[in-house]
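# Geometric and topological summary
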Amino acid sequence: MSYGTLYLIPVTLGADNINQVIPPDVVALAQKLDTFVVENEKTARHFLSTIKPLKPIRELELLLLNEHTTDKDLPALLQPLLAGKDVGLMSEAGCPGIADPGAKLAALAHRHQVRVAPLVGPSSILLALMGSGFNGQRFAFLGYIPSDKQARVLRLKEIERHSQKQGETQIFIETPYRNQHLLEDILAQCQPETRLCIARNISLPSELIVSKSIKDWKKSELPELHKQPTVFLLQA
């Protein structure tokens, strides 16, 4: 018996602008599936209702994979694939497997020779890098910055030193309700000539992508970032 395919299905970054950010062939493929592994059931159901799957939403099987899923829970998520069923993997926003627990299922699928098929769609991390004007030849995504202020300050200084030494763009994020605190620490701790890009609400009507030196950011009116998805990029 042949295995199914694990399709990595990107979703929108916070709006129902399906036609602008998701290719039609990706939508068409997702419409045919009836089993999904999702990070958040509510947002997954909303996305699926927007693309209008062939089966009623209530008949779709949604399996949960989030930060609380343990390694011992993963084999159960793989079972439909081993039984020959195609499965769609969806993050809460953007591309699954990037800053997303779905990477664990993709890794397990590879270990069992299950085909993993990434599909085209929006990634806030790559879109932010594209729009920043920073070095796209050498870059690193660092994930979340420490929430503790002292640890955060030390990490920011380390990031800046590494960027200066390697000429590498540093990309990181924070829990949205701590965005403003992170911005304040960046401006307080980083060197005047270091460049900072703030990429907020990418692909949404309130999108903002602005790159300036630290000294120029200090002269500017700062954007409102509280509880708004934001990607930070630093190049020293």
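Scroll up to find the structure.
First, a word on scope: everything that follows refers to the structure included in this document.

What counts, and where the lines are drawn
Residues numbered from 1 in each chain as written. Predicted model: local features only at pLDDT ≥ 70, side-chain atom pairs only at ≥ 80, totals over all residues. Heavy atoms only, no water. Helix = DSSP H or I, 4+ residues; strand = E, 2+ residues; numbered from the N terminus. Rg over C-alpha atoms; globule rule 2.2 N^0.38 Å. Contact = heavy atoms within 4.5 Å. Areas by Shrake-Rupley, 256 points an atom, 1.4 Å probe, with all protein chains shown as cover. Lys, Arg positive; Asp, Glu negative; His and termini not counted. Charge placed at Lys NZ, Arg CZ, Asp CG, Glu CD. Buried < 20%, exposed > 50% of the residue type's maximum accessible area, 1.4 Å probe, protein only. Salt bridge = Lys/Arg side-chain N within 4 Å of Asp/Glu carboxyl O. Polar contact = N/O pair within 3.5 Å; in protein donor to acceptor, adjacent residues only side chain to side chain. Pairing = 2+ DSSP bridges. Axes fitted to C-alpha atoms, helices over the stretch in contact; angles between N-to-C directions. Arc of directions from axis to C-beta.

## Points about the overall build of the chain
Each helix and strand counted, the chain has nine helices and 10 strands in total. Compactness check: the chain gives a C-alpha radius of gyration of 20 Å against a globular reference of 18 Å for 236 residues, within 12% of the reference. Sequence separation of at least 24 residues holds for 75% of the intrachain contacts in the chain that already meet a minimum separation of 6. Accessible surface for the chain amounts to roughly 12,200 Å². Of this, 51% is attributable to carbon and sulfur atoms. A gap of 3 Å separates the mean positions of the 26 positive and 25 negative side-chain charges of the chain.

## A closer look at the side chain of D100
Following the sequence through the fold, D100 ends up in the loop between β4 (87-90) and α5 (102-111). Look at D100: it is buried, it has no salt bridge, and the nearest opposite charge is K104 at 11 Å. Only 2.9 Å separates the side chain of D100 from the backbone nitrogen of G102, close enough to count as a polar contact. Other than its neighbours up to four places away in sequence, D100 contacts E39, S91 and C95.

## Looking at the sheet that holds strand β5 (residues 115-118)
Ordered in space as β3-β2-β4-β1-β5, the five strands form an open sheet in which the pairing is parallel. Single-partner strands in this sheet number two, and they are β3 (61-64) and β5. Strand after strand, the sheet turns through a mean of 25 degrees between neighbouring axes, direction not considered. Taken together, the three bridges between strand β2 (residues 35-38) and β4 define a ladder with parallel strand orientation. Within the sheet, the bridge partner assigned to V38 lies in β4 and is M90. Against the sheet, helix α3 (residues 41-51) engages β2, β3 and β4, with an angle of about 145 degrees to β3.

## Comments concerning helix α4 (residues 74-82)
Within α4, the full set of buried residues consists of L74, L77, L78, P80 and L81. Buried residues of α4, seen end-on, are gathered within an arc of 145 degrees and therefore sit on one face of the element. Elements in contact with the buried residues of α4: β1 (5-8), β2, β3, β4 and α5. Of the residues one or two after α4, G84 is the one with positive phi, at around 100 degrees.

## Concerning unusual backbone geometry
Phi at K52 takes a positive value of approximately 60 degrees, unusual for a residue other than glycine. Residue position: K52 is located in the loop between α3 and β3. By relative accessible area, which is 60% here, K52 ends up exposed. One non-glycine residue, S203, lies in positive phi territory at about 75 degrees. Among the secondary structure elements, S203 is positioned in the loop between β8 (195-200) and β9 (208-213). Residue S203 is classed as partly exposed on the basis of its relative accessible area, which comes to 21%.

## Some words on the pattern of salt bridges
Going through the model one piece at a time under the given rule, you end up with 11 salt bridges. Across the pair D71 and K104 runs a salt bridge whose closest N-O atoms are separated by 3.8 Å. A residue pair is termed long-range when its members are at least 10 positions apart, and D71 in the loop between β3 and α4 and K104 in helix α5 qualify at 33 residues. When its relative accessible area of 41% is taken as the criterion, K104 is described as partly exposed. Residues participating in the shared-partner salt-bridge network are D34, K55 and K85.

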